[in-house]
Amino acid sequence: MQDFSSQLSNLITQFQQDLEKVSTSDNVEALRVQYLGRKSPFQEVMRSLKDVSVDQRKEFGQAANKAKQDIEAAIEARETDLVNKRFERLGEEEKIDISLPGEKSSVGHLHMVTSAIRDIRRIFEHIGFTQVRHPEIDWEWYPFEVLRIGADHPARDNWETFFVDVPAHPKKGKMVLVPHVSNGQVREMERGELPIRSMNIAKTYRRQSDVSHVPMFHQFEGWIIDKGIRLTDLKGVMEYFVKEYFGEDREIRLRPHHFRFTEPSMELDISCGLCAGKGCSMCKEGWVELGGAGMMHPDVLRAGGVDPEIYSGLAFGWGVERTVSMKAGLNIADLRTMYKNDVRFLEQF
Ligand code: DAH
């Protein structure tokens, strides 16, 4: 049955020609169905095997199987070839090496100042302080006049103030970007609710920019106004905060100072985290200065409509940036780095 062999070889030749013409993987698949599927010429050829004499059947059967395998192999090779061709046509950037490990997308976190604000707020909330907000742009009345710092008072120089170019208020004076959050003291009393145990955390602005100053920074300031509030209460609150925020091993020191709006006034120092209070190049004989505090001046209470004969108040407040940079281990040489938005710096904290 020469017929069978020639049918087989015709089929293969025909197949090879068709295979040359296909240009997509889908077409290759269609060709496979066409040549090897149930109704394909190949199956027809296989059916004609039954007419082959018995002694030749084995030989032809093997030839037919081999032809089938060759067709399958050719199809596979053509498919790979097409994929490769497509890949070659891709631009350099489009090519991907799927064996490379995936790219990890970086996950951000809160800015160090934001998380410090949250930490500070949480610590004070534990001892009953509520966070309140007072204006960051305010009449100079609140950060100055009512705090006994009149327009001509030399203490004004300590708060290098940005003025806002709007008409002045007849009584409350010019509008400023608040240089400290103490503007909240009288504003808080003006709400008319006593006792007060609250904290203002806000942006503050001063005309200063150097290694230890940024023109926009944050301050927090807390107040307690009630009957019988004493200096020892202030000391207790300060000690609680310092130990919670900086660690149990830190000590506090209240050093006499002067502020116009507190009497007595003091500055809060904490034992140096680097030398543990022994004295080193980073501190003043074992102490570092944190911020101001004091008992509210009777005039300030009066300005807020609170009778100093009945009530007394404590106040404390300072910069968040300074506080976070003083936390043990953080030795930030230039405070301005915090706002340069260099992720290599920020992601460390
Ligand atoms: N507001 C003052 C400043 O920015 C700091 C300060 C001092 C706040 C004494 C207080 C205080 O509450 O009692 O320099």
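Residues numbered from 1 in each chain as written. Predicted model: local features only at pLDDT ≥ 70, side-chain atom pairs only at ≥ 80, totals over all residues. Heavy atoms only, no water.

Structural notes on the site of the ligand
- Taken together, the neighbourhood of the ligand is formed by 16 residues, with His-180, Ser-182, Arg-206, Gln-219 and Ala-315 sitting nearest.
- Between the ligand and the protein, one listed contact pairs an oxygen atom with a side-chain N or O atom of Gln-219 at 3.0 Å.
- Between the ligand and the protein, one listed contact pairs an oxygen atom with a backbone N or O atom of Ala-315 at 3.1 Å.
- Protein chains shield 92% of the accessible area of the ligand, which is 360 Å² for the free molecule. (Near = heavy atom within 4 Å. Polar contact = N/O pair within 3.5 Å; in protein donor to acceptor, adjacent residues only side chain to side chain. Areas by Shrake-Rupley, 256 points an atom, 1.4 Å probe, with all protein chains shown as cover.)

Things to note about the sheet that holds strand β7 (residues 252-259)
- Read across the sheet, 7 strands follow the order β1-β5-β6-β10-β9-β8-β7 without closing on themselves; strand pairing throughout is mixed. Looking at which strands have only one partner, the edges of the open sheet turn out to be β1 (130-132) and β7. Sheet twist, expressed as the mean angle between neighbouring strand axes with direction ignored, is 25°.
- With 4 bridges connecting them, strand β9 (residues 287-296) and strand β10 (residues 312-319) associate as antiparallel partners. (Pairing = 2+ DSSP bridges. Helix = DSSP H or I, 4+ residues; strand = E, 2+ residues; numbered from the N terminus. Axes fitted to C-alpha atoms, helices over the stretch in contact; angles between N-to-C directions.)

Observations regarding unusual backbone geometry
- Looking along the chain, the bond that leaves Leu-194 and enters Pro-195 is cis, with omega of -5°.
- With omega at 0°, the peptide bond leading from Glu-263 into Pro-264 counts as cis.
- Its identity as a non-glycine residue notwithstanding, Arg-148 has a phi of 70°, on the positive side.
- Relative to the helices and strands, Arg-148 resides in the loop between β2 (137-139) and β3 (162-169).
- Looking at Arg-148, the relative accessible area reads 23%, which means it is partly exposed.
- For Glu-285, which is not a glycine, the phi torsion comes out positive at approximately 45°.
- Among the secondary structure elements, Glu-285 is positioned in the loop between β8 (262-271) and β9. (Buried < 20%, exposed > 50% of the residue type's maximum accessible area, 1.4 Å probe, protein only.)

Notes on helix α7 (residues 231-246)
- The first and last C-alpha atoms of α7 sit 22 Å apart over 16 residues, in line with the 22 Å expected at 1.5 Å per residue.
- Of the residues one or two after α7, Gly-247 is the one with positive phi, at around 125°. (Expected span 1.5 Å × (residues − 1).)

Section: the packing of helix α5 (residues 112-125) against α7
- For the pair α5 and α7, interaxial distance at closest approach is 10 Å and the crossing angle is 135°. Here α7 runs oblique to α5, going by the angle between their axes. For α5 against α7, the interelement crossing comes out right-handed. On α7, the residues touching Ala-116, Asp-119, Ile-120, Ile-123 and Phe-124 of α5 are Val-237, Tyr-240, Phe-241, Glu-244 and Tyr-245.
- Residues of the contact of α5 with α7, tallied by class, amount to 8 nonpolar, no polar and 2 charged. (Parallel < 35°, antiparallel > 145°, perpendicular 65-115°, else oblique. Left-handed = near helix turned anticlockwise from the far one by under 90°. Contact = heavy atoms within 4.5 Å. Nonpolar A, V, L, I, M, F, W, Y, C, P; charged D, E, K, R; others polar.)

Observations regarding the packing of aromatic side chains
- Tallied over the entire structure, the rule returns 17 aromatic pairs.
- Geometrically, the ring pair formed by Phe-144 and Trp-159 is edge-to-face, given 6.3 Å between the ring centres and 65° between the ring planes. Separated by 15 residues along the polypeptide, Phe-144 in the loop between β2 and β3 and Trp-159 in the loop between β2 and β3 bring together distant segments of the chain. Judged on exposure class, the residue Phe-144 and its partner Trp-159 are both buried. (Phe/Tyr/Trp six-rings, centres within 6.5 Å; stacked < 30°, edge-to-face > 60°.)

A closer look at the domain arrangement of the chain
- One can read the domain layout of the chain as domain 1 (2-94) and domain 2 (112-346).
- Relative placement of domain 1 and domain 2: their C-alpha centres are 85 Å apart. (Domains from an automatic or database assignment.)

Things to note about the pattern of salt bridges
- What the rule picks out here adds up to 20 salt bridges.
- Measuring nitrogen to oxygen at the nearest pair gives 3.6 Å for the salt bridge that ties Lys-21 to Asp-18. Placement of the pair is Lys-21 and Asp-18 together in helix α1 (residues 2-21), with a separation of 3 residues, close to one helical turn.
- Here Glu-140 and Arg-156 are joined by a salt bridge, their closest N and O atoms 2.9 Å apart. (Salt bridge = Lys/Arg side-chain N within 4 Å of Asp/Glu carboxyl O.)

Considering the sheet that holds strand β4 (residues 173-177)
- If you walk across this open sheet you meet the 3 strands as β2-β4-β3, and the pairing is antiparallel. Each edge of the sheet is formed by a strand with only one pairing partner; in this case those strands are β2 and β3. Ignoring which end each strand starts from, the neighbouring axes of this sheet average 25° apart.
- Direction of pairing for β2 relative to β4: antiparallel, over a ladder of 3 bridges. Bridging across to β4, Trp-139 finds its partner in Met-175.

Examining a negative patch on the surface
- Together, Glu-239, Glu-244, Glu-248 and Asp-249 make up a negatively charged patch on the protein surface.
- Relative to the helices and strands, Asp-249 is located in the loop between α7 and β7. (Patch = residues over 30% accessible without salt bridge, like charges linked within 9 Å, V, L, I, M, F, W, Y side chains within 5 Å. Lys, Arg positive; Asp, Glu negative; His and termini not counted. Charge placed at Lys NZ, Arg CZ, Asp CG, Glu CD.)

Here's the deal with helix α2 (residues 25-36)
- The terminal C-alpha atoms of α2, which comprises 12 residues, lie 16 Å apart, in line with the 16 Å expected from a rise of 1.5 Å per residue.
- Listed in full, the buried residues belonging to α2 are Val-28, Leu-31, Tyr-35 and Leu-36. Taken around the axis of α2, the buried residues stretch over an arc of 95°, which confines them to a single face. (Arc of directions from axis to C-beta.)

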